[in-house]
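# Structural overview for review
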Amino acid sequence: MTTTFSHSLAWELRRNADSISQTFAQCEQTCLDVGARLGDAIPGLSDLAALFEALSRSLEGEDIRAAGLDLAAIARELERSADELTEETGALADLVGLNRAIALQISKLLISIRTINALVFNVKIEAASLNESGDDMSAFAGGLQQLALRAQHALDEYQQTHGKLFELLRASSEAQAGFQRSHQASLKSIAAEIADSLSAVAARRREIGEALQGISAQSQQIGAQIGQCVVALQVGDSTRQRIEHVHYALGLSADNLEPESAQDPEPPDLAARICRLQALQLDGALDEFTREMGAVSVSLRGVAGDAGALAGRGRSLFGASGRGGGSFLEGLERKLEAARAIVGECRRARAVVDRAAAAVGATMADLHQRTEGLSQIVVDVTMIGTNAVLKSSRLGDRGKGLNVIAQELRNYAARIVEGIRELPPALSEVVAFVERFSEAGQAHDSERLTTLDRRMTAAIGAFNSNGKEMTAALHRLDGEAASVRDLLERAVAMLGAHEDIGATLRSAAAAVDELSARIGDADRESPDIDAVLNRLLRAKYTMASERQIHDAFTGGDDDFAELPEAAAAPDVEELAEACLF
């Protein structure tokens, strides 16, 4: 082999070695960049997993459980209220009936009072005809008339007072009956629907809780898969090291072809064997790199699909992204809002009843007081009537007409006294009935209904708060999952260059193998040459796959199975000596 030819081959070897190293540098940087970006995505996925794990626990939190229990109690109270509406409406009707009887009694008393006034007028006529006798019957008749007018005026006021109460009770009864007709069935229905919805929500909560844990586990799994891809991307670093080893070995071949001595050595079979071995090492590096990078790309595509499905899984569970309040609670919320509306109308209807109940007590006290006044006036009328009878008796035949009138006057006065005596017990019965009615209707007491409304509002608030947390988490899930998916898809695109690298490595391997044939006899087996190859190269390897290729090429050597630190580069004289074998 001429010196010029040796120099040319050496130059070509170095050019190929440099070209291989430079070509792979960019690919290695890409692997590093992709690995760094993928690594940055893992903490976000871990946080996402923790978030959904916490959300799954919050579905069974104390506030949600308490809200569910209170809503169950509210449903029972609404159903009981619906049942009590019938009793309450009937009680109001009975109360109106009692007061109608009292109104009729008052009307009879007024008729009697008006009759007394008519009789008093007749007394005045008779008294005028008897003035000749010297008795002052006109003054007597005038006093009697004043008493009768006072009694009628007092009873008129009594009737007006009771009439206002009666109208208030009648309006309350009509309002309550109307409310019962309109909403009793609705109350029972909404109570049943709330109870059913609570059961459905409890089941849904369990389902959602399990799904949230699934999302958490899937987020962790995606993070773990990305971590595995990051580890797999170390194939870039290992391939770089293998190429560095090839570069080093080709440099030895080049040095072998350009010894410092001017003497042209024997055909450099060692250099040819080194080149053939490096062609095999390049083929091995190519196979490993292509296989690992292909697996990483496939894995990243799969994980990208998983990340996209992760957001879709959340939307399918809770409804479209952006819908507030947690869509799985919306049915219950609508029913609670309907219940609140009915309770609001119940409060308004009950307010009329409450005002009537309050008015009954005050009015009955007033009527009791007026009844005492009426009794005293009628007693005075009765006494005057009795005096009129006595006067007429003293007048003899001339007082017969007055006597008849006085007897009638006294009879009507007695009838009025008896009627007034019946009023206090009737009024007391009404008061007692109102008290029983108020106790029986406590479920519809305005204050209690207000509390019921507040409890429903608080329950809705608890569910809404939990729903808002889920909505916020879904927004984050959408963003995080989409971001991870895009990152993975970009990583796949960036790693697509490995196919070009594969072609370059394949071409380089062929070129080195062709150089081997031009340098010398790479197929000539020589234990001495293989021993030199072991001594020069085997300690440089850092991957088991390199050693396997090396051992298969040289026939293996137990003496070099476990070599320590990389051996120092041999000098040119050692290579020149090796070429003589």
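Being a predicted model, the structure only gives us computed values, none of them experimental.

Now for the overall build of the protein. When its secondary structure is counted, the protein shows 12 helices and zero strands. Ordered by position from the N terminus, the helices and strands of the protein form the series α-α-α-α-α-α-α-α-α-α-α-α. Here the protein holds 581 residues, and 47% of them are scored as buried. Long-range pairs, those at least 24 residues apart, make up 92% of the contacts in the protein between residues at least 6 apart in sequence.

Time to look at the pattern of salt bridges. Using the criterion set out here, one finds 13 salt bridges in the structure. Here aspartate 513 ties to arginine 276 by a salt bridge, and the two come within 2.5 Å at their closest N and O atoms. In this pair, aspartate 513 is assigned in helix 9 (residues 498–519) and arginine 276 in helix 5 (residues 269–318), connecting sequence segments 237 residues apart. When salt bridges that share partners are traced, they join Glu157, Asp366 and Arg370 into one network.

All right, on to the packing of aromatic side chains then. This structure, assessed with the given rule, holds zero aromatic pairs. Here arginine 415 stacks its cationic end above the ring of tyrosine 412, 4.5 Å away from the centre of that ring. In this arrangement the basic side chain of lysine 540 is found over the ring face of tyrosine 248, its NZ or CZ atom lying 4.4 Å from the centre.

Predicted confidence across the protein gives a mean pLDDT of 75, with 83% of residues reaching 70 or more. No element of the protein has a lower mean pLDDT than helix 12 (residues 572–578), at 45, and none a higher one than helix 11 (residues 544–554), at 90. Between residues 320–327, whose pLDDT stays under 50, and residues either more than four places distant or in other chains, the model counts 19 contacts. Scored below 50 in pLDDT, residues 558–581 makes 44 contacts in the model with residues more than four places away or belonging to other chains.

What follows is about the environment of serine 173. Tracing the chain through its elements places serine 173 in helix 3 (residues 137–232). Put simply, serine 173 and alanine 356 are 183 residues apart on the chain and 9.6 Å apart in space, counted from C-alpha to C-alpha. Those residues in contact with serine 173 that lie beyond four places of it in its chain are Leu92, Ala93 and Val96.

Take aspartate 530: it is sitting in helix 10 (residues 527–537). Sequence-distant contacts of aspartate 530, that is, excluding residues within four places in its chain, are made with Arg273 and Thr554.

A general tendency of soluble globular proteins is for nonpolar side chains to be buried together. Counting residues in hydrophobic clusters, the biggest one holds 61 residues, and the most contacted among them are Leu38 and Leu300. Mapped by element, the contributors of at least two residues to this core are helix 1 (3–58), helix 3, helix 4 (235–257), helix 5, helix 8 (446–495) and helix 9. Element by element, the count of residues in this core is highest for helix 1, at 15 residues. In this structure leucine 300 touches Leu38, Cys229, Leu488, Ala491, Val492 and Leu495, once residues within four positions along its chain are discounted. Counting 51 residues, the second-largest nonpolar core is a separate cluster that includes Ile106, Leu144, Leu427 and Phe433.

With that out of the way, let us pick up the side chain of histidine 162. Mapped onto the secondary structure, histidine 162 falls in helix 3. Overall, histidine 162 belongs to the buried group, its relative accessible area being 1%. Setting aside residues no more than four positions away along its own chain, histidine 162 makes contact with Asn99, Ile102, Ala103, Ile106 and Leu367.

Along the chain, the position of leucine 51 falls in helix 1. Look at leucine 51 and you get partly exposed, because its relative accessible area is 27%.

Helix 11 packs onto helix 10 with a crossing angle of 165° between their chain directions and a minimal axis gap of 10 Å. The orientation of helix 10 with respect to helix 11, classified from their angle, is roughly antiparallel. The handedness of the crossing between helix 10 and helix 11 is right-handed. Every residue of helix 11 that contacts helix 10 at Asp530, Leu533, Asn534 and Leu537 is listed here: His550, Phe553 and Thr554. When its residues are assigned to classes, the contact of helix 10 with helix 11 shows three nonpolar, three polar and one charged.

Along the polypeptide, arginine 340 turns up in helix 6 (residues 330–394). C-alpha separation for the pair arginine 340 and arginine 455, spaced 115 residues apart in sequence, amounts to 10.0 Å. Sequence-distant contacts of arginine 340, that is, excluding residues within four places in its chain, are made with Asp453, Met456, Thr457 and Ile460.

About the thresholds
Residues numbered from 1 in each chain as written. Predicted model: local features only at pLDDT ≥ 70, side-chain atom pairs only at ≥ 80, totals over all residues. Heavy atoms only, no water. Helix = DSSP H or I, 4+ residues; strand = E, 2+ residues; numbered from the N terminus. Buried < 20%, exposed > 50% of the residue type's maximum accessible area, 1.4 Å probe, protein only. Contact = heavy atoms within 4.5 Å. Salt bridge = Lys/Arg side-chain N within 4 Å of Asp/Glu carboxyl O. Phe/Tyr/Trp six-rings, centres within 6.5 Å; stacked < 30°, edge-to-face > 60°. Lys NZ or Arg CZ within 6 Å of the ring centre and 35° of its normal. pLDDT = per-residue confidence, 0-100. Core = buried A, V, L, I, M, F, W, Y, C linked by side-chain atoms within 4.5 Å. Axes fitted to C-alpha atoms, helices over the stretch in contact; angles between N-to-C directions. Parallel < 35°, antiparallel > 145°, perpendicular 65-115°, else oblique. Left-handed = near helix turned anticlockwise from the far one by under 90°. Nonpolar A, V, L, I, M, F, W, Y, C, P; charged D, E, K, R; others polar.

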